[in-house]
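# Structural characterization, general
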Amino acid sequence: MLEIRREEVLPPQIYEKERDRIVKEIIEIKKRRRVSTRTFSFLFECKDTVLNQINEMVFIENVHDEEEIRRLIRVYSDLLPGRNELSVSMFIEFDTQDKLIREMPRLAGIEKHVYMTFGNSEIHAIPEEGRSTDTLESTLQYLRFRFTDKQLSEFMEARNVYIETRHPGYEESARIPEDLLETLKSELISGR
C-alpha cells in the first residue's frame, strides 16, 4: 500500500531551494502519465505526483505547523491508488474562458460517465463525491478505477486500453500509450 510519510514532506525553505529541479522532474513524470482527448486530460496519479502536491501546498502556504502538515498528508493521500486500483485526476480543458463558461453546465455529471475499456472488460470510474452539482461542474474530478481479480488478470494481458467519456455530446476516447500502460501494470502488480 502506498503511503506518504511525514519525513518525505520538505520544510518550505528546503523545498524552495530545490523547487526548480523538482518541478521540472514532476512535469516530465506527469507528461508520461497523462492521456488526453479533445476535451479532457487524465493524469494517472502516483506517489511522486501526490507528494509534489503536498510539498507545493506546504511551500505556497508556508506551513510549519506539524498538525497542518499531517492534515495535508491525510487529505492528499486520498489521491493515492489503493490495492487493485488506479487513481486518476480528470481535467476539463477548454481553449477559451467563454467556451468553458458556456459548456460547463452541459457537463454536469461527467464524472459518472467515465470508463476504462480493454478486451471484453470495462470498468466504470468511481468519482469522488461532492465535487459537482446539478448545474456546475468542477474542472477537476478525482476518479478511481477499481479492478476485480478477473479484470486485473485481463488488464495485465491487454495491449489496447482506452479511457472513454460517454456523456451526451462528449463521447470521447483515448488509448493509453504502451509505455504508460506497462508502467500502470507494473504498479498494479507491485501495489505501488
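Above this text sits the structure in question.
Here we summarise the structure given alongside this text. Nothing here was measured: the structure is a model prediction, and the numbers come from that model.

Attention shifts here to helix H3 (residues 66–77). Helix length check: H3 (12 residues) gives 16 Å between terminal C-alpha atoms against 16 Å at 1.5 Å per residue, within 8%. Taken together, the buried positions of H3 are occupied by Ile69, Leu72, Ile73 and Tyr76. Down the axis of H3, the buried side of the element spans an arc of 100°, and every buried residue falls inside it. Buried residues along H3 sit in contact with helix H2 (47–60).

What follows covers the environment of Glu68. With respect to the element layout, Glu68 can be found in helix H3. Once the C-alpha coordinates of Glu68 and Leu100 are considered, the two residues, 32 residues apart in sequence, prove to be 34 Å apart.

Membership of the largest hydrophobic core comes to 34 residues, with the highest contact counts inside it found for Phe44, Leu86, Met116, Phe147, Phe155 and Ile176. Those elements giving two or more residues to this core turn out to be strand E2 (40–44), strand E3 (85–92), strand E4 (114–118), strand E7 (140–146), helix H5 (149–157), strand E8 (161–167), strand E9 (170–175) and helix H6 (178–190). Dropping the residues within four chain positions of it, Phe155 is found in contact with Leu86, Met116, Phe118, Phe147, Val161, Leu181, Leu184, Lys185 and Leu188. Formed by 16 residues, the second largest nonpolar core is a distinct cluster that contains Ile4, Val50, Val58 and Tyr142.

Calculation criteria
- Residues numbered from 1 in each chain as written.
- Predicted model: local features only at pLDDT ≥ 70, side-chain atom pairs only at ≥ 80, totals over all residues.
- Heavy atoms only, no water.
- Helix = DSSP H or I, 4+ residues; strand = E, 2+ residues; numbered from the N terminus.
- Expected span 1.5 Å × (residues − 1).
- Buried < 20%, exposed > 50% of the residue type's maximum accessible area, 1.4 Å probe, protein only.
- Arc of directions from axis to C-beta.
- Contact = heavy atoms within 4.5 Å.
- Core = buried A, V, L, I, M, F, W, Y, C linked by side-chain atoms within 4.5 Å.

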